[in-house]
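The primary structure of each chain is shown beneath.
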Amino acid sequence: MNQLAMSEKAQPLLDAVIAHIRDNVDPITEEFHKLGEGRADRWSHAPGQLELLETAKEKARESGLWNFFLPDSETGEGLSNLDYAYIAAELGKNPLASETMNCSAPDTGNMEVLERIGTAEQKEKWLKPLLAGEIRSAYAMSEPNVASSDAKNISTSAVLENGEWVINGEKFYISGAGDPRCKIMITMVKTSPDAETFKQQSQILVPINTPGVEILGPMHVFGHDDA
Ligand SMILES: Cc1cc2nc3c(=O)[nH]c(=O)nc-3n(C[C@H](O)[C@H](O)[C@H](O)COP(=O)(O)OP(=O)(O)OC[C@H]3O[C@@H](n4cnc5c(N)ncnc54)[C@H](O)[C@@H]3O)c2cc1C
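Residues numbered from 1 in each chain as written. Predicted model: local features only at pLDDT ≥ 70, side-chain atom pairs only at ≥ 80, totals over all residues. Heavy atoms only, no water.

Trainee: How should I be thinking about the overall build of the chain in this particular structure?
Mentor: Across its full length, the chain holds 6 helices and 7 strands. Secondary structure elements in the chain, listed N-terminal to C-terminal, are α-α-α-α-α-α-β-β-β-β-β-β-β. A compact globule built from 227 residues would reach a C-alpha radius of gyration of about 17 Å, and the chain, at 19 Å, matches this within 12%. The C-alpha extent of the chain, read off along each of the three principal axes, is 55 × 50 × 35 Å. Residue pairs at least 24 apart in sequence account for 61% of intrachain contacts in the chain once pairs closer than 6 positions are excluded. (Helix = DSSP H or I, 4+ residues; strand = E, 2+ residues; numbered from the N terminus. Rg over C-alpha atoms; globule rule 2.2 N^0.38 Å. Contact = heavy atoms within 4.5 Å.)

Written out as structure tokens, the structure is:
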């Protein structure tokens, strides 16, 4: 039978995460949401909200509860996915919790990609501030005009012209793209439409302030804000 228990090694970290959420995140949650009430742009933060969040981030950093999502790397705790699942279950109980420990999606997946396969320059420019919790990021795959659950369908094109990648397409449901702190999008594009089916696609880093990038608006799911 599969062993699905958390390892003993991870128990102290889980305990510390639970204590951090109880002592530093739960107490600021009501005030955080109150401060945000009635703000003009729901994807930005109202005055005071980020400062409050930063106090909890600082406490997490001081306790070493930072970036532990990264499996088997110099920057993470070396947790297995199974151990992380137990911790993620706790993080999910308060929507602010993950961000206070720099373990929130979509930054986690994006940081892992950059950490694993980014160039030294990409790491310096994007991974470093992401690991420090100074900026946020997005992952841009889904598109309105294709069934995006099958990533082969992605149709945004990227063509190399005179040494520059020219990208054309529209994405939707891109979580976090509306957050003013989001500075970089890992974007799925088609670079080789004539190659065999699974070799047509690439991921390209698109700084959000690139000329031509237009954020059209936030998305809703069943009438609720999301993405
Ligand atoms: C809250 C939220 C956050 C998201 N965040 C992100 C994000 O950060 N970045 C990002 O890139 N995307 C994001 N997405 C988009 C998400 O990845 C896509 O919605 C998902 O992959 C499904 O693609 P789709 O919406 O095009 O649906 P479709 O692929 O069109 O699927 C619609 C329905 O058709 C079915 N279907 C599809 N193909 C077939 C087939 N061949 N045969 C039979 N049935 C089929 C599916 O099972 C589904 O029930 C987010 C979505 C939500 C709801």
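Trainee: What's the story with unusual backbone geometry in this structure? I'm lost.
Mentor: Only a minority of non-glycine residues have a phi that is not negative, and only a minority of peptide bonds are not trans. A cis amide bond links A105 with the next residue in sequence, P106, at an omega value of 0 degrees. When you line up the elements, P106 lands in the loop between α4 (97–100) and α5 (107–117). One non-glycine residue, Y173, adopts positive backbone phi at about 60 degrees. In this structure, Y173 sits in the loop between β3 (164–168) and β4 (182–190). One non-glycine residue, F222, lies in positive phi territory at about 50 degrees. In this fold, F222 is placed in the loop between β6 (219–221) and β7 (224–226). Given a relative accessible area of 82%, F222 falls into the exposed group. (Buried < 20%, exposed > 50% of the residue type's maximum accessible area, 1.4 Å probe, protein only.)

Trainee: Looking at this model, I keep getting lost on the site of the ligand. Mind explaining?
Mentor: Residues in contact with the ligand amount to 14 residues; listed here are only the nearest, Y139, M141, S142, S149 and Y173. Y139 is positioned with one of its backbone polar atoms (N or O) 2.7 Å from a nitrogen atom of the ligand. Here S148 contributes a backbone N or O atom positioned 2.8 Å from an oxygen atom of the ligand. Considered on its own, the ligand offers 970 Å² of accessible surface; in the complex 44% of this is hidden by protein. Among the residues making up the shell around the ligand, the classes are represented as 9 nonpolar, 4 polar and 1 charged. (Near = heavy atom within 4 Å. Polar contact = N/O pair within 3.5 Å; in protein donor to acceptor, adjacent residues only side chain to side chain. Areas by Shrake-Rupley, 256 points an atom, 1.4 Å probe, with all protein chains shown as cover. Nonpolar A, V, L, I, M, F, W, Y, C, P; charged D, E, K, R; others polar.)

Trainee: What is the right way to look at a nonpolar patch on the surface in this model?
Mentor: A cluster of nonpolar side chains, contributed by L160, W165 and I167, occupies part of the molecular surface with about 290 Å² of accessible area. Along the polypeptide, I167 turns up in strand β3. When its relative accessible area of 31% is taken as the criterion, I167 is described as partly exposed. (Patch = residues over 30% accessible without salt bridge, like charges linked within 9 Å, V, L, I, M, F, W, Y side chains within 5 Å. Salt bridge = Lys/Arg side-chain N within 4 Å of Asp/Glu carboxyl O.)

Trainee: I tried to follow the nonpolar core on my own but got confused; where do I start?
Mentor: In summary, soluble globular proteins display a tendency toward joint burial of nonpolar side chains. V17, F68, I87, L91 and M101 are the most contacted members of the largest nonpolar core, which has 34 residues in total. For this core, the element with the highest residue contribution is helix α1 (residues 11–36), accounting for 7 residues. Formed by 11 residues, the second largest nonpolar core is a distinct cluster that contains A138, A177, C182 and V189. (Core = buried A, V, L, I, M, F, W, Y, C linked by side-chain atoms within 4.5 Å.)

Trainee: Could you clarify how one ought to interpret the pattern of salt bridges in this entry?
Mentor: Opposite charge on two side chains permits pairing when their charged atoms draw close. Under the criterion given, the structure shown has 13 salt bridges. Close ionic contact of E90 with K93 constitutes a salt bridge, the shortest N to O distance being 3.0 Å. Measuring nitrogen to oxygen at the nearest pair gives 3.2 Å for the salt bridge that ties E99 to R136. Highlighted residues: E99 in helix α4 and R136 in strand β1 (residues 136–140), separated in sequence by 37 residues.

These values are about where atoms sit, not about what they do.
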